[in-house]
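# Descriptive structure summary
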Amino acid sequence: MQVIRWGVVGPGRAAARFAQGLQGVDGVALAAVWGRNRERAQEYAARFGVAEVAGTLGELFASDLDAVYVATHPDTHAKICLEALAAGKHVMCEKPAALNVRQLEKILATAREHDRLFMEAMKPPFFPLYRKLREHLVGDPIGAVGFVRAGHADATLPPEYPLNFPELGGGGIMGIGPYEAFLALDWLGELKRVQTMGRVGAAGVDTLALFQTEHERGMAQLHTGLDLLSRGDALLCGPGGYVSLHANWWNPMRATIHYIGGRVVTLHEPFSHGGFNYETAHFCGLIREGLRESSVITHAMSLGMARMLEEARTALGVRFPGE
Ligand SMILES: NC(=O)c1ccc[n+]([C@@H]2O[C@H](COP(=O)([O-])OP(=O)(O)OC[C@H]3O[C@@H](n4cnc5c(N)ncnc54)[C@H](OP(=O)(O)O)[C@@H]3O)[C@@H](O)[C@H]2O)c1
């Protein structure tokens, strides 16, 4: 099996979970890391056994790597992805892949131009529970899912948390919204329109957002927030029943399917290694097969997510520096 050599950009929280996930993936090496704070990059390297701490981003991209994992904040995703792709690396970038549709289109065009694989990191569809649910609903269906409800708001984040800063591409919509956008697009198909209500806090990011979306096969009701607490299940509703995807539904582990007539089926599939391992294994498989796009998180799916997030936040007046 071809060993996929990874380089990490931005050794923060997500990057730590990525490294934990790699421990559950066969045929990979965490070869190099770059962080703007060298000390933190060195700590990361020591913690996860990374051989090389690159002095600059250019040095990292000049290393013998197959793939780069971008785990900085959304404000720098586009710039770093463009550089990595131009240097000939395959790129998996944390969600949201870019600040807006325009930036994402540029990333995708650059991936095509340099014949590289690009995928937005999106955990849920690769989790054992999600796959089991999809499989289960084929044999024991609830009919075509026509309504999705999902939300999450977290008032417990400290003031220094990146989502509180517009200059980093923050806000509830950019933080938790990508998972909701994914869920709606995955079950309901292509996005038609977005209706949004919400409020913007003193910092200039959305602190409560309710967005309803219409898709080719149905509608979704989604919410995100930073100034109140809302935790709960996501719902997928069909004519013959509904699925409760239990909290935290973006790291899905348990689902209950309620059928018309009262029959109930429960699914429980724990995940291992923190959960980043499944999407990473998928991405490595794509590299080995010589593919340039995931069939699960397609480029069209990422564009749909980006469009949904951009429309929702701009409707509330949230614009990022430079937009
Ligand atoms: N998939 C998931 O479950 C998951 C979970 C959490 C986060 N995320 C995503 O991961 C991304 C990062 O979030 P996080 O929570 O990991 O943030 P974090 O802990 O603050 O880490 C961000 C990293 O990016 C670096 N960075 C920030 N600004 C930079 C710049 N201008 N140039 C170069 N490096 C820069 C930081 O360096 P310093 O240390 O020097 O500040 C740090 O290493 C976000 O897109 C977020 O949505 C995904």
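The rules behind each value
Residues numbered from 1 in each chain as written. Predicted model: local features only at pLDDT ≥ 70, side-chain atom pairs only at ≥ 80, totals over all residues. Heavy atoms only, no water. Buried < 20%, exposed > 50% of the residue type's maximum accessible area, 1.4 Å probe, protein only. Helix = DSSP H or I, 4+ residues; strand = E, 2+ residues; numbered from the N terminus. Pairing = 2+ DSSP bridges. Near = heavy atom within 4 Å. Polar contact = N/O pair within 3.5 Å; in protein donor to acceptor, adjacent residues only side chain to side chain. Areas by Shrake-Rupley, 256 points an atom, 1.4 Å probe, with all protein chains shown as cover. Nonpolar A, V, L, I, M, F, W, Y, C, P; charged D, E, K, R; others polar. Expected span 1.5 Å × (residues − 1). Contact = heavy atoms within 4.5 Å. Axes fitted to C-alpha atoms, helices over the stretch in contact; angles between N-to-C directions. Parallel < 35°, antiparallel > 145°, perpendicular 65-115°, else oblique. Left-handed = near helix turned anticlockwise from the far one by under 90°. Salt bridge = Lys/Arg side-chain N within 4 Å of Asp/Glu carboxyl O.

## As for the pairing of strand β11 (residues 234–238)
Remark: a regular strand shows side chains that alternate across the two faces of the sheet. For β11, the buried fraction is high: five of the five residues fall into the buried class. Residue alternation in β11 divides its side chains into two sets, Ala 234, Leu 236 and Gly 238 and Leu 235 and Cys 237, and both sets are buried. Pairing geometry for strand β7 (residues 147–153) and β11, over three bridges, is antiparallel. Residue pairing across strands places Arg 149 opposite Leu 235, the latter belonging to β11. One ladder, built from five bridges, connects β11 with strand β12 (residues 241–245); its direction is antiparallel. What sits directly across from Cys 237, in β12, is Tyr 242. Remark: two residues form the turn of the hairpin made by β11 and β12, two consecutive strands paired antiparallel.

## What to know about the site of the ligand
In the neighbourhood of the ligand, 22 residues make up the surrounding shell, with Ala 14, Arg 40, His 73, Lys 95 and Lys 123 lying closest. Within the side chain of Lys 123, a nitrogen or oxygen atom sits 2.7 Å from an oxygen atom of the ligand. Relative to its free-state accessible area of 900 Å², the ligand is covered by the protein chains to the extent of 83%. Elements with a contribution of two residues or more to the shell around the ligand: α1 (13–22) and α4 (74–86). Per-class residue counts for the shell around the ligand are eight nonpolar, seven polar and seven charged.

## Here we look at helix α9 (residues 276–289)
For α9, with 14 residues, the first-to-last C-alpha span of 20 Å sits near the 20 Å given by 1.5 Å per residue. Most of α9 is tucked away: eleven of the 14 residues are buried. Within the span of α9, buried status applies to Phe 276, Asn 277, Tyr 278, Glu 279, Thr 280, His 282, Phe 283, Cys 284, Gly 285, Leu 286 and Ile 287. A positive backbone phi angle near 75 degrees is found at Gly 290, which sits one or two residues after α9.

## So, the environment of Thr 280
Tracing the backbone shows Thr 280 in helix α9. Sequence-wise, Thr 280 and Phe 18 are 262 residues apart; in three dimensions their C-alpha atoms are separated by 8.2 Å. Excluding residues within four positions of it along the chain, Thr 280 makes contact with Trp 6, Phe 18, Leu 22, Val 25 and Met 92. Reaching out from Thr 280, the side chain makes a polar contact with the backbone oxygen of Phe 276 at a distance of 2.7 Å.

## Let's talk about the packing of helix α8 (residues 177–188) against helix α10 (residues 299–315)
Two elements in contact, α8 and α10, have axes separated by 9 Å at closest approach and are oriented at 125 degrees. Between α8 and α10, the interaxial angle falls into the category oblique. Along this stretch, α8 crosses α10, giving a crossing that reads as right-handed. Note on element contacts: α10 touches α8 through Met 301, Gly 304, Met 305, Met 308 and Leu 309, opposite Gly 177, Pro 178, Ala 181, Phe 182, Ala 184, Leu 185 and Asp 186. Residues of the contact of α8 with α10, tallied by class, amount to nine nonpolar, two polar and one charged.

## Observations concerning the environment of Ala 220
Mapping Ala 220 onto the fold places it in strand β10 (residues 218–225). Sequence-wise, Ala 220 and Pro 270 are 50 residues apart; in three dimensions their C-alpha atoms are separated by 27 Å. Dropping the residues within four chain positions of it, Ala 220 is found in contact with Phe 147, Val 148, Ala 184, Leu 188, Phe 211, Gln 212, Thr 213 and His 215.

## Quick notes on the pattern of salt bridges
Applying the stated criterion to the full structure yields twelve salt bridges. Here Arg 5 ties to Asp 64 by a salt bridge, and the two come within 3.5 Å at their closest N and O atoms. Highlighted residues: Arg 5 in strand β1 (residues 4–9) and Asp 64 in the loop between α3 (57–62) and β4 (67–70), separated in sequence by 59 residues. We classify Arg 5 as partly exposed; its relative accessible area is 30%. Given the relative accessible area of 57%, Asp 64 is considered exposed. Between Glu 83 and Lys 79 there is a salt bridge whose closest N-O contact spans 3.5 Å. Of the two residues, Glu 83 and Lys 79 are both situated in helix α4; the distance of four residues between them amounts to about one turn of the helix.

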